[in-house]
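Descriptive structure summary
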Amino acid sequence: MNAVQWVDYGRYTDSSTHGAERGMDRRRASRDVAPRLLVERDPKHAPWMNDIIARLNELTGLSEDWDSYGASVPSRAAANALLEVLAQTTSPETPRPAIVPSPHGHFQAEWHENGIDLEVEVVSPTHIDVLFSSNRDRWNKVLKSDLTSLVEAIDQLTT
Amino acid sequence: MAGKSERLPKFDRPPVVEVALVVQFPPLKGFTAAHLGLIWQRFRDRFANVEQHGPSQNRVERTGIKPIPQTLQLTFGGEQTVPRIWMVTKDNSELIQIQSDRFARNWRRYHNRDLDYPTFADQIRPAFVKEFDEFRKLIAELGFGELSIDQCEVTYVNHIRRNEVWSVHSELDRVFVGWSSEYPKIEDQAAESIACRVNHQIIDQGEFVGRLFIEIDSQYVVEKTNGSPQTDFVPIFNVNLVARGQPIGEGDKAVMRFIDLAHEVIVKSFAQVTTKAMHTAWGRTQ
């Protein structure tokens, strides 16, 4: 059974040894989560987040060569990378994306809503391929740490 | 590098007690505790002692995202967590931290206040460059390929001890410019403990590259005075400055470009947020 943990965003990591030497390993507290999928709905996150977690869990169980053309197994790190991007860029009213594994071991989230096609492939936490197409605009960008254009594109799905 | 150091604030007696230089990378697929043992064998001549700890949580700094206080991470049931090891020198002042997605090089002096701060330019930076290069080559030898660094981090931990400038924690205004002497007593009681958190974005040539985190906490260190059976609880302010962000540009120098920028941001901001009275106490020379 997998678990989902809340991770404080905006805190630094404990690279220092201060505190750890005194047995105050703060990181340990965040691992003590019940071994179950997240079921409580947090109003800050979209209602389909649990479904996405289940889908990611399912897809990380694929075998090597799952597409018969030599595809790699989607990694758990890639699952977390996609989950974090979705948590940071979507709203409760964002439509649910389709989650698709890439043959290179990553994940892609896709929306096809209201005349908009949006594909987001999270190659790594700092390499996010975004393809956007609508009646008025079309662009393809690789985003590193500034996700402004991705958030704006996702917000258009609900306007 | 030497030129840049000459423009940064300098103190004869800086209150720094620990410095860490860190890089993060995607988890190495198939990395196990056995590989940690092989890595220690390569560094053991210099880092004779080893400790085991739980892994640190990695973070990626982003901008333009929703203002949520927490994000989500999935932990997979049945997955064995590979620990983090500290490889420590015999005198306990230097260590390397290794886990499946992180390398850190630390200097510290909690255990020996008489140790001189070895300076970033002269010792801390060159040691990191040398040993991280060694680590990268070893990782490649072990079959994990080339490391792809996605975040870098510089941490400075400072212990600001009670001195002629301040004596109780409610006098934080004498140390930190962000606190006010006008902060009142409540029901005639002064503040007993104080914690402050401030974040700033780090921008390089108009582009977001990371964040600076400043944390100030009132704390105590436990000391024994020579010859006395008494244990003293000495008040301090623990001031952490952490700069974390992406490598800047491409190629081999991208990691050090961020680390050098992070060091500069930390040193300058530490001088900006602390008071002139404390600068005098620390022997500011530049």
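Structural data are supplied above this passage.
Keep in mind that this is a model prediction, so the values were computed, not measured.

Thoughts on the packing of aromatic side chains
- The final tally for this structure, using the stated rule, is 16 aromatic pairs over all chains.
- Aromatic side chains A:Phe132 and A:Trp139 sit 5.4 Å apart centroid to centroid with 20° between the ring planes, which places their arrangement in the stacked category. Across this residue pair, the class does not change: A:Phe132 and A:Trp139 are buried.
- Geometrically, the ring pair formed by B:Phe128 and B:Phe132 is stacked, given 5.6 Å between the ring centres and 10° between the ring planes. Highlighted residues: B:Phe128 and B:Phe132, both in helix H3 (residues 120–141), separated by 4 residues, approximately one helical turn. Like B:Phe132, B:Phe128 is buried.
- An aromatic cluster is present here, built from B:Phe25, B:Phe103, B:Phe128, B:Phe132 and B:Phe135 joined pairwise through their rings.
- When the ring centre of A:Trp139 is taken as reference, the NZ or CZ atom of A:Lys141 above it lies at 4.7 Å.
- Here the guanidinium or amino end of B:Arg44 rests over the ring plane of B:Trp40, the centre of that ring lying 4.1 Å away.

Observations concerning the side chain of B:Gln99
Residue and element names in this part refer to chain B.
- Counting through the fold element by element, Gln99 comes out in strand S5 (residues 94–99).
- Assessed through its relative accessible area of 2%, Gln99 is described here as buried.
- In this structure the side chain of Gln99 is engaged in a polar contact, spanning 2.8 Å, whose partner is the backbone nitrogen of Ser56.
- Those residues within four positions of Gln99 in sequence are excluded, and the remaining contacts are Phe25, Phe31, Pro55, Ser56, Asn58, Pro83 and Arg84.

Thresholds, definitions, all that
Residues numbered from 1 in each chain as written. Chains lettered and ligands numbered in written order. Predicted model: local features only at pLDDT ≥ 70, side-chain atom pairs only at ≥ 80, totals over all residues. Heavy atoms only, no water. Phe/Tyr/Trp six-rings, centres within 6.5 Å; stacked < 30°, edge-to-face > 60°. Buried < 20%, exposed > 50% of the residue type's maximum accessible area, 1.4 Å probe, protein only. Helix = DSSP H or I, 4+ residues; strand = E, 2+ residues; numbered from the N terminus. Lys NZ or Arg CZ within 6 Å of the ring centre and 35° of its normal. Polar contact = N/O pair within 3.5 Å; in protein donor to acceptor, adjacent residues only side chain to side chain. Contact = heavy atoms within 4.5 Å.

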